[in-house]
Each structure stands twice: as C-alpha cells, then as structure tokens.
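These are the residues of each chain, in order.
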Amino acid sequence: MNNGRFNQSEQDYLESILMLSKSGEVVHRIDVAKRMNVSGAAVNKAMKLLCEKGYVYEDGKHLYLTEMGKTYAEEVYEKHCIIRNFLQKLGVSPENAEEDACHMEHLVSNETFEKMKAFLNK
C-alpha cells in the first residue's frame, strides 16, 4: 500500500476512476461526481490535487490513471474486496459488508489486512 499518510478522499476518487474505467468507457469528471455523489467543484479540486501528485492525468475532457495511480487504486480496491469478502464469510449481509468495507479499507492496518487475506485463501 501507499506508504504516505492515507487520504480517504484521495483513495475514494482513485477507486472511483478505476471502477469507471473498467466499464470500458472513458471517464469524465461528471461520471466521478455522480458515482461519488459529490459536486463538480469537489471533483475539480480533487482532480487538480491528484494530477499534481502524479496519480491522474487528463486530456481536457477525459480522466486517466497514471501507472502509479492505477497501482494505488488497485491496492485500495483489493483491500475493499478482501474486507468485504471477509465480512461476508463471517455472516455479515452483502449490503452491510459492502458499506463497512468502504469505511474499513481506509483504516485497517496492513497486518490485519494480510491476516484477513490469508484467512480467505485457506
């Protein structure tokens, strides 16, 4: 995972761009705003910061993850999926497991995450 101080908002934006790009369509700022239920202004501010950090680039209309941004987004998404699956394995409903994973992916330590992952791979 990213060794810098985590930034939940940053991770959420990167994860959203990753998921939108997996649909095969190009990603627009409005798509990110709709998916995250935020304003266009919030997306504009976030994209400026993500571009400055080297996670995202744009061609004027479309958003793209850089290799570094894609790697970071995939790590966050993997954490999300492992936590969701772990919670469901414990008997948590799919809806609650999904919602809880959205929150926990930003907080769980790498040690705990690796133990969850190992448990699921048994």
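The structure this text deals with has already been given above.
Residues numbered from 1 in each chain as written. Predicted model: local features only at pLDDT ≥ 70, side-chain atom pairs only at ≥ 80, totals over all residues. Heavy atoms only, no water.

*Asks:* Explanation requested: the overall build of the protein chain in the structure shown.
*Replies:* The secondary structure content of the protein chain amounts to six helices and two strands. For the protein chain, the α and β elements follow one another from N to C terminus as α-α-α-β-β-α-α-α. On C-alpha atoms alone, the protein chain measures out to a radius of gyration of 15 Å, which is about the 14 Å that the 2.2 N^0.38 rule sets for 122 residues. A principal-axis box enclosing the C-alpha atoms of the protein chain has dimensions of 45 × 30 × 25 Å. (Helix = DSSP H or I, 4+ residues; strand = E, 2+ residues; numbered from the N terminus. Rg over C-alpha atoms; globule rule 2.2 N^0.38 Å.)

*Asks:* Would you mind going over the packing of aromatic side chains with me for this structure?
*Replies:* Think of a pair of aromatic rings as described by two things: how far the centres are apart, and how the planes are tilted against each other in angle. Throughout the structure, instances matching the rule amount to three aromatic pairs. Relative to Tyr 72, the ring of Tyr 55 lies with its centre 5.1 Å away and its plane at 55 degrees, an arrangement referred to as tilted. In this pair, Tyr 55 is assigned in the loop between helix H3 (40-52) and strand S1 (56-58) and Tyr 72 in helix H4 (residues 67-89), connecting sequence segments 17 residues apart. Overall, the relative accessible area of 9% leaves Tyr 55 in the buried class. Judged by relative accessible area, Tyr 72 falls into the buried class, the value being 3%. (Phe/Tyr/Trp six-rings, centres within 6.5 Å; stacked < 30°, edge-to-face > 60°. Buried < 20%, exposed > 50% of the residue type's maximum accessible area, 1.4 Å probe, protein only.)

*Asks:* Help me out: how do you make sense of H3 in this one?
*Replies:* An α-helix turns once every 3.6 residues. As a result, residues three or four positions apart point the same way. Over its 13 residues, H3 extends 18 Å from the first C-alpha to the last, a length consistent with the 18 Å expected when each residue adds 1.5 Å. Listed in full, the buried residues belonging to H3 are Val 43, Ala 46, Met 47 and Leu 50. On an axial view of H3, the arc spanned by its buried residues comes to 105 degrees, and they lie on one face. Facing away from the buried surface of H3 by more than 90 degrees, the exposed residues are Ala 41, Lys 45, Lys 48 and Glu 52. (Expected span 1.5 Å × (residues − 1). Arc of directions from axis to C-beta.)

*Asks:* Just to check I follow, could you spell out the state of the cysteines for this structure?
*Replies:* By definition, a disulfide links the sulfur atoms of two cysteines through a covalent bond. Applying the stated criterion across every chain yields a total of zero disulfides. With no disulfide of its own, Cys 102 lies closest to Cys 81 among cysteine sulfurs, the gap being 10 Å. Overall, Cys 102 belongs to the partly exposed group, its relative accessible area being 34%. (Disulfide = S-S within 2.5 Å.)

*Asks:* I keep staring at the pattern of salt bridges and nothing clicks. Help me out?
*Replies:* A side chain with one charge can pair with a side chain of the opposite charge if their charged atoms come near. What the rule picks out here adds up to five salt bridges. Note that Glu 98 and Arg 84 form a salt bridge whose closest N and O atoms lie 3.4 Å from each other. Residue Glu 98 is located in helix H5 (residues 94-104), and its partner Arg 84 is located in helix H4; the two are separated by 14 residues in the primary sequence. Given the relative accessible area of 19%, Arg 84 is considered buried. (Salt bridge = Lys/Arg side-chain N within 4 Å of Asp/Glu carboxyl O.)

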